[in-house]
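# Commentary on secondary and tertiary structure
Here are the chains, one letter per residue:
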Amino acid sequence: MVAGRTCEKDQRVLEKNDSFLPPGDPPLTPSGSQIPVARPSEPRVLRPRRAAPGDAIRPTRAEVNLAALRHNLRVVQKYSGGAKVWAVLKADGYGHGAPAVARTLERAGAHGFCVALLEEAIELREAGIFAPILVMGGYYPNAHAEVIHRNLIPVVYNEEHLDGFSRASRLLGSSRALPVHVKVDTGMARLGVTMDNIEGFAEKLKARGEVEVSGLMTHFGSADAENVSDVEAQLLRFEEATLRFAEVGIRPQVRHAANSAAVFRKEGLLDIVRPGIAFFGVSPTLPDGSPLTTELQTVMRVRSEIVDLRTVHEGSAIGYGGLWRAKRPSRIATMPMGYADGLSRHLTNRGHVLVRGKRAPIVGAVSMDMSMVDVTDIEGVSMRDEVVILGGQEGVLGSDSISVDEIAKHCETIPWEVLCAISRRVPRFYREP
Ligand SMILES: *Cc1c(COP(=O)(O)O)cnc(C)c1O
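Conventions and cut-offs
Residues numbered from 1 in each chain as written. Predicted model: local features only at pLDDT ≥ 70, side-chain atom pairs only at ≥ 80, totals over all residues. Heavy atoms only, no water. Helix = DSSP H or I, 4+ residues; strand = E, 2+ residues; numbered from the N terminus. Areas by Shrake-Rupley, 256 points an atom, 1.4 Å probe, with all protein chains shown as cover. pLDDT = per-residue confidence, 0-100. Contact = heavy atoms within 4.5 Å. Pairing = 2+ DSSP bridges. Buried < 20%, exposed > 50% of the residue type's maximum accessible area, 1.4 Å probe, protein only. Lys, Arg positive; Asp, Glu negative; His and termini not counted. Salt bridge = Lys/Arg side-chain N within 4 Å of Asp/Glu carboxyl O. Polar contact = N/O pair within 3.5 Å; in protein donor to acceptor, adjacent residues only side chain to side chain. Near = heavy atom within 4 Å. Nonpolar A, V, L, I, M, F, W, Y, C, P; charged D, E, K, R; others polar. Axes fitted to C-alpha atoms, helices over the stretch in contact; angles between N-to-C directions. Parallel < 35°, antiparallel > 145°, perpendicular 65-115°, else oblique. Left-handed = near helix turned anticlockwise from the far one by under 90°. Expected span 1.5 Å × (residues − 1).

### Points about the overall build of the chain
Each helix and strand counted, the chain has twelve helices and 21 strands in total. Carbon and sulfur atoms form 51% of the exposed surface of the chain, whose accessible area is close to 19700 Å².

### What to know about the confidence of the model for the chain
Scored by pLDDT, the chain has a mean of 90; 87% of the residues are at 70 or more. Counting interchain partners and residues more than four positions distant, the pLDDT-below-50 stretch residues 1-40 has 52 contacts. Below a pLDDT of 50 lies the segment residues 45-51, which in the model reaches 30 contacts outside its immediate sequence neighbourhood of four places, other chains included.

### Digging into the pairing of strand β19 (residues 386-395)
Sheet topology note: the strand β11 (residues 300-305)/β19 ladder contains four bridges and is antiparallel. Residue Ser 304 lies in a different strand from β19, and its bridge partner there is Val 387. The sheet contact formed by strand β16 (residues 352-355) and β19 spans two bridges and is antiparallel. Within β19, the position partnered with Val 355 by the bridge is Val 387. Pairing analysis gives five bridges linking β19 to strand β20 (residues 398-402), with the strands arranged antiparallel. What sits directly across from Gly 391, in β20, is Ile 402.

### Thoughts on the side chain of Arg 428
Tracing the backbone through its elements, the reader meets Arg 428 in strand β21 (residues 428-431). Of the side chains with opposite charge, Asp 92 lies nearest to the buried Arg 428, which makes no salt bridge, at 5.4 Å. At 2.7 Å, the side chain of Arg 428 forms a polar contact with the backbone oxygen of Ile 422.

### Looking at the site of the ligand
The local shell around the ligand holds 14 residues, among which Lys 90, Tyr 94, Ser 260, Gly 276 and Ile 277 are the closest. Within the contact set of the ligand, an oxygen atom lies 2.5 Å away from a side-chain nitrogen or oxygen of Tyr 94. Contact between the ligand and Trp 416: an oxygen atom at 2.9 Å from a side-chain N or O atom of the residue. Among the residues making up the shell around the ligand, the classes are represented as six nonpolar, four polar and four charged.

### A look at the packing of helix α8 (residues 198-206) against helix α9 (residues 229-247)
Contact geometry for α8 and α9: axes closest at 10 Å, N-to-C directions at 45°. Taken together, the axis directions place α8 and α9 in an arrangement best described as oblique. In the packing of α8 onto α9, the handedness of the crossing is right-handed. Of the residues in α9, those touching α8 at Ile 198, Glu 199, Ala 202 and Leu 205 are Ala 241, Arg 244 and Phe 245. When its residues are assigned to classes, the contact of α8 with α9 shows five nonpolar, no polar and two charged.

### Notes on α9
Between the first and last C-alpha of α9 there are 27 Å, a value that for 19 residues agrees with the 27 Å anticipated at 1.5 Å per step. Here α9 has its buried residues at Val 231, Gln 234, Leu 235, Phe 238, Ala 241, Thr 242, Arg 244, Phe 245 and Ala 246. Along its buried surface, α9 packs onto β6 (178-185), α8, β8 (211-217) and β9 (254-256). One or two residues past the end of α9 sits Gly 249, with phi positive at roughly 90°.

Dropping the structure here:
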């Protein structure tokens, strides 16, 4: 079966199963730009912006398995006890395409979403997401009114935030206080009210009738450390902060702290959990490399095809700088994926891809748009054979898979970076297998 065809069919399945019908083309403004269509009174549309099969001419693409995504939500829910699940979908849903991921998770029972940027939150609202959306980055230069207008929940931790939201709220003539979540720095030293400043900030909050603290949050710095003593120290400080806010009359309805690693260790589950990477099938690991869970399923598969194939003599140099030389007469395949697509240049002469169900090493420098693979040991290899860069492949020579962890190790980085790095040049196809 031709893979492109499969995707096209799957995409149609996705749209047909969607209970919200497309309303036709949205109206055009005089400038020609489209008016956002996501208003509660209107039907919701899911058109993952990178999923149009006709857009993919180059055979390099990422397939996102929506059933695996739902499976991972169920695993997260199981570990989270009664806590609500607010999925963290920053950085375009860890590279999977935030709108489609959010729509899938919302319908499968996620209670809310968290993003880093206001831009990311707006993208989710425009994709028709109704669930609460928390904007965690704390950066709203002159866009406070936009936060209110889009019904987003901002994270606040300094006076500038309070000034901005109070002013915007008055300007908009809002009749009710804006719910905000206050972030406390309990030991990560990145964002949040410091423990020294809790009473000072609490007084400022109380002086602002325009905002209401509906949530209190913190973030763990080392939830994947060998033992949980750092997490527990942060949790103790969070309890203390909660009490100190309560003493001056600030009692938020919800508190949250747990990222994926904390969820799987059942630490700090509180009222809401905020996992991210877990949805994408990657378990955080302990320093010794052991995963905190083995129940997750991989969501993304990145595949391409052999677009050129040659036999080279012993001693031939491959690619820029001749960083690999053939030790024997070799078959070298070229695949159209390079570092501009998110295939790290660190994989030069390292790492593998799958061809016909068997591993083949990446040889020579990964270049911007292409890379070479030594397929000498792949029997019967030919042009247009599928190359799997990430995920599984079943082929005539066997079946194997390349994990995000494996790529991360070769690149001396973490799985989070590997997933976010898959660039927008690689179209995402959403599949309901
Ligand atoms: C990224 C992030 C998360 C999710 O972390 P994972 O390790 O991907 O589960 C949770 N909270 C905050 C504040 C984050 O920045």
